[in-house]
Amino acid sequence: MRIGVEINGTLYQGEVEPRTLLSDFIRHQAGLHGTRVGCEHGVCGACTVQLDGEPIRSCLMLAVQANGRAVRTVEGLAPDGELQPLQRAFHEKHALQCGFCTSGFLMSLEPFLRDHPEAGEDEIREALAGNLCRCTGYEAIVEAVKSAAEEMR
Amino acid sequence: MKPAPFEYAAPRSVDEALGLLGEDSKALAGGQSLVPLLNFRFARPELLVDLNRVSELSYIRRSGGVLHIGALTRQATLERSGVVWQHWPLLAQAVRHAGHPQTRSRGTVGGSAVHADPTAELPVALTALDARFHLSSARGRRTLTAPEFFVATLISAVEPDELLVEVEVPALPEGARTAFVEYQRTHGDFAVAGAAVVRGPGDGSAIALLGAGTTPVRAHEAERALTAGAGAREAAELAAGALTDGWRRALTTELVREAIERAAA
């Protein structure tokens, strides 16, 4: 099937099988490798992107379902190379070790901070429960989110 | 970890969808349970009927005191609905435990019901609320109660050519209070045990158990005891009494007791 998906404001068109996952379309057809593929069954959160501003698992959506829709990936967070407060905080607080899970965390937490600017630590921990960091670097991630939330207030 | 090939159709209406559904097809709602099954190749339908463009299936309406939830309503929409928080707080209390924000944004109320996982939150809450399930097919329509709808683990009464179109929830008794409590090993994981409780004034109490059988389980004896004036501990022990595994019985007893107490607070 021929589909067109708007990703970070650019239209990507391609021929896909119905079974092609959105995560694979983003990586292989659009060539955007910031979105990571981890477990491919919705548990790890590495493939999290945004659809209409809401975080979703791109491994649990078919590419054909995104036909005509607007998707945002981690590349869309800093289109001109200038990092967002959340990205800066991840950098400053060393909130990544191997970095594999980072884009998923950012794509989950960016809309969370937008909707919950006053979030405390408990809410932050709950908000990042859907993303796994296999290096177990959660303390620094929580610190980074707290710091970004303060800056954004 | 890639699905086996299938044909794909994205109908725009319920009638069009019903014309496509049959023996070797599968309806795709939010995909948060079905797509993992496709990825693992546990499910290998010949035809996938994607319901996500059937906008007539997506609504939350309150009319005559009754709640009507279109089957394709996202769990996130239920979670944010003022009408639900105000009149059916148990649904809002339960859905918060279902997966994560990243799965509730796609996952649907109808999909969770049809998937019929006895450790899923919404089926248990809907069972406690005496929900009715409206099914459609090219053959006609029928309406089932929760005990009729939930057949066994991962099996609902929906036939291959049928579609769950609406979940209907009656009004809670005036002044009723509700609570949903569960135990999960890690946040957002499937729950091990849990309880949904409605405490009405008079005889309007309901207790439904999560993880206590192959379907959501209503604890009728405990409900009657509660109505007759039993305390939370006594009613909870009755509710979990049929569980043979000692650890599971102890855990469920504690969760039911906590839910009863929270609903009384």
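Residues numbered from 1 in each chain as written. Chains lettered and ligands numbered in written order. Predicted model: local features only at pLDDT ≥ 70, side-chain atom pairs only at ≥ 80, totals over all residues.

A. Structural detail: the sheet that holds strand β14 (residues 217–218) of chain B. All names here are of chain B. In spatial order, the strands read β11-β12-β13-β14; together these four strands make up an open sheet with antiparallel pairing. Each having just a single partner strand, β11 (177–184) and β14 make up the two edges of the open sheet. Of the strand pairs in this sheet, strand β12 (residues 191–199) and strand β13 (residues 206–210) are connected by five bridges, and their pairing is antiparallel. Note on β13: the bridge partner recorded for A196 is A208. (Pairing = 2+ DSSP bridges. Helix = DSSP H or I, 4+ residues; strand = E, 2+ residues; numbered from the N terminus.)

B. Highlighting the pairing of β12 of chain B. All names here are of chain B. The buried fraction of β12 amounts to eight of the nine residues, a majority that puts the element mostly inside the structure. Bridging between β11 and β12 involves eight bridges; their strand directions are antiparallel. Each residue of the ladder has a partner; that of E182, found in β12, is G194. Between β11 and β12, which pair antiparallel and follow one another directly, the connecting turn spans six residues, one of which, G188, has a positive phi of 90°. The hairpin formed by β12 and β13 contains six residues between the paired strands, and G202 there has a positive phi angle of roughly 75°. (Buried ≥ 20, exposed ≤ 12 C-beta atoms within 10 Å, placed from the backbone.)

C. Examining helix α12 (residues 246–264) of chain B more closely. Residues and elements named next belong to chain B. The end-to-end C-alpha distance of α12 is 27 Å, a good match for the 27 Å that 19 residues give at a rise of 1.5 Å each. Within α12, burial applies to T252, T253, L255, V256, R257, A259, I260 and A263. Buried residues along α12 sit in contact with β11, β12, β13 and α11 (232–240). (Expected span 1.5 Å × (residues − 1). Contact = placed C-beta atoms within 7 Å.)

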